[in-house]
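Structural description and commentary
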Amino acid sequence: MRKYSYYIFLCGLWLLLIGALELRPVRWDLTDDKHYSLSESSKKMLSTLDNTAEVTLLLGGDLNAGFRRLKKATEETLEELDVYADIRLKDEASATELLHDGRMDSLGLRPIVIHEREQNGKTAQTTVWPYAIIDYNGRHAVVTLLKNTRGLSGEENLNASIEQLEFAFMEALHLLQQTETPRVAILEGHGEPDEAHTYDLMSALSKYFQVDRGSIVERPLRSKTKDRDEVAQRPINVHILDGYKAIIVLNPQTAFSEQERFVIDQYIMRGGAVLWSLNGVKLSEEVLQREGFTPILPLDLGLTDMLFRYGVRVNPALVQDIQCLPIPVNVSSDPEQPNLQPMPWTYAPLLLTSQGSPITKDLGQVMSTFVSPIDAVGGEDGIEKRVLLATSTASRVTATPGEVDLNDLNPDMSTFAYQYVPVAVSLEGSFPSAFAHRMAPEGIETDEPIKKSSAKTRQVVIGSGSVLINETMKNQALPMGYDRYSGMQFSNRDFATNAVLWLTDGDGLIALREKSVALRLLNDKRAHEKRMQVQLVSTISPIAILALIGGIVFVIRKRKYERQ
């Protein structure tokens, strides 16, 4: 009787354990890259969703192996999100209906066409919709599943897309949940680019922020929206920037006043974030185009001491790089019959991006012109500094005073001895004030003592104003990072957006871009050559193992009962 009671007790304990697991599932992620784990910031944000989020996955149909892997990873990500919130994936019939009701055009979505060569030599063409649409509380957001970074192979792009799935879905859910749009400001009053040349930057940021423009001391900031300009009167005092999540100092040409520097400094001390896009030299592109050369001199913006205190220095010099954009040059001796040929322009380097920062991870090259090198200073100041953009392995630095000459199209390659010169860095930590031991400038409206150190905040410093500026053609703004001569699109837009998102990231979502998934690829040639061998081994091995185990069990049982 005791024996049966023992078994009954074990069965009851097992049933209780099964019931507990059904009420609260236990999940273990045994992958080395934590592929099936969500970050704590994602779990926290998902817990705040108060309604069902419905997801329509458009990625379907006859997909190749790579896109099937992307689809499976997307479904697995949604299953993981559903553990912490009510995320419902609609069936494929809903996706098919959506593709045929004309809603794709209204959302601005376009399919991509994949051309593949089959083993028999024929070319196959497949149309793919790499999108997911999230509906939540009567609003919708589009998630682009495929990242197409220039310079990466198809497998690398698919792997980067899988790495960014959690960030892409969490970013969309975060935007759908927002009830108030945060604000950022682009400062004016120092010869900055006009709205036509910052149109694409404002357009990219308008997805996440309300973008304002204006001067600190000359005129009030004005809010730029898609429909109208709203002028908001605000007193010009030390708190004028407090309503902004971040400010952008974009390619100024004249020096900042003492009052402006004080306002920006105290804004940082109160936890404000700044994106600095500055040139270290001044030159005239008009003179360069007209005369064929222009002198370059140091550009004094009055910010050198401030930035030095924050841990960085923009040097008064220009970098040249063998890895650069081409420019059209007339090589014809007949002025009536010009012959334009592309020639490398080393003053327009194609900048490399760091994989060690969520701002630049998985981004391609960034286009730039007339870039100044950056030095990190104050190594023991407790401020974390990361290089975001750098030159290639064949660079050189032109000091000021000097000149830029259009005839310098075939420079001596032996002089390009510098490698990976930093031209953009991120700063994170508690910054000391540049006015810690000084009086507040005359004309500043404040009754508060000067803050001498900041709360933990962030800054990004770029040694060029060109990175965030778009060109115009026929009064139309071109995208940031688009080279109209070669027709190539670079990653400037994504870099600018990620930089501002990182500066304003209070929820830790941008850190999800650092997630890495190991890329484990098969050797296609070897797999095809040993296809039959692999099939035989994978088919026979399980049967042989089962037969071996069965034989061992049979021998053990036979010996056991023969002795009895």
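These notes cover the structure that comes with them. Everything numeric in this text was worked out from a predicted model, so none of it was measured.

Comments concerning the overall build of the protein
Each helix and strand counted, the protein has 14 helices and 29 strands in total. By residue count, 43% of the 564 residues in the protein fall in the buried class. Considering only contacts in the protein between residues 6 or more positions apart, those separated by 24 or more positions represent 74%. In the structure as shown, the protein presents an accessible area of about 31000 Å², 53% of it carried by carbon and sulfur atoms.

Things to note about the sheet that holds strand 2 (residues 87-89)
Taken together, the 4 strands give an open sheet; going across it, the order is 2-1-5-6, and neighbouring strands pair in mixed fashion. Across the chains shown, the open sheet's two edge strands, defined by having one partner strand only, are strand 2 and strand 6 (139-144). Strand-to-strand, the axes of this sheet are offset by a mean angle of 25°, without reference to chain direction. The pairing of strand 1 (residues 53-57) with strand 2 spans 3 bridges and is parallel. Residue pairing in the sheet places A53 in a bridge with I87 of strand 2. The sheet strands contacting helix 3 (residues 65-84) are strand 1 and strand 2, and the helix crosses strand 2 at an angle near 150°. Most of the contacts of helix 7 (residues 165-177) go to strand 6, to which it runs at about 160°, and overall it touches strand 1, strand 2, strand 5 (131-136) and strand 6.

A look at the packing of helix 3 against helix 7
Between helix 3 and helix 7, the least distance of the axes is 10 Å, while the angle of their chain directions is 55°. Taken together, the axis directions place helix 3 and helix 7 in an arrangement best described as oblique. The hand of the helix 3/helix 7 crossing is right-handed. Contacts between helix 3 and helix 7 involve L70, A73, T74, T77, L78 and L81 from the first element and L165, E166, F169 and M170 from the second. In the contact of helix 3 with helix 7, the residues fall into 7 nonpolar, 2 polar and 1 charged.

The rules we used
Residues numbered from 1 in each chain as written. Predicted model: local features only at pLDDT ≥ 70, side-chain atom pairs only at ≥ 80, totals over all residues. Heavy atoms only, no water. Helix = DSSP H or I, 4+ residues; strand = E, 2+ residues; numbered from the N terminus. Buried < 20%, exposed > 50% of the residue type's maximum accessible area, 1.4 Å probe, protein only. Contact = heavy atoms within 4.5 Å. Areas by Shrake-Rupley, 256 points an atom, 1.4 Å probe, with all protein chains shown as cover. Pairing = 2+ DSSP bridges. Axes fitted to C-alpha atoms, helices over the stretch in contact; angles between N-to-C directions. Parallel < 35°, antiparallel > 145°, perpendicular 65-115°, else oblique. Left-handed = near helix turned anticlockwise from the far one by under 90°. Nonpolar A, V, L, I, M, F, W, Y, C, P; charged D, E, K, R; others polar.

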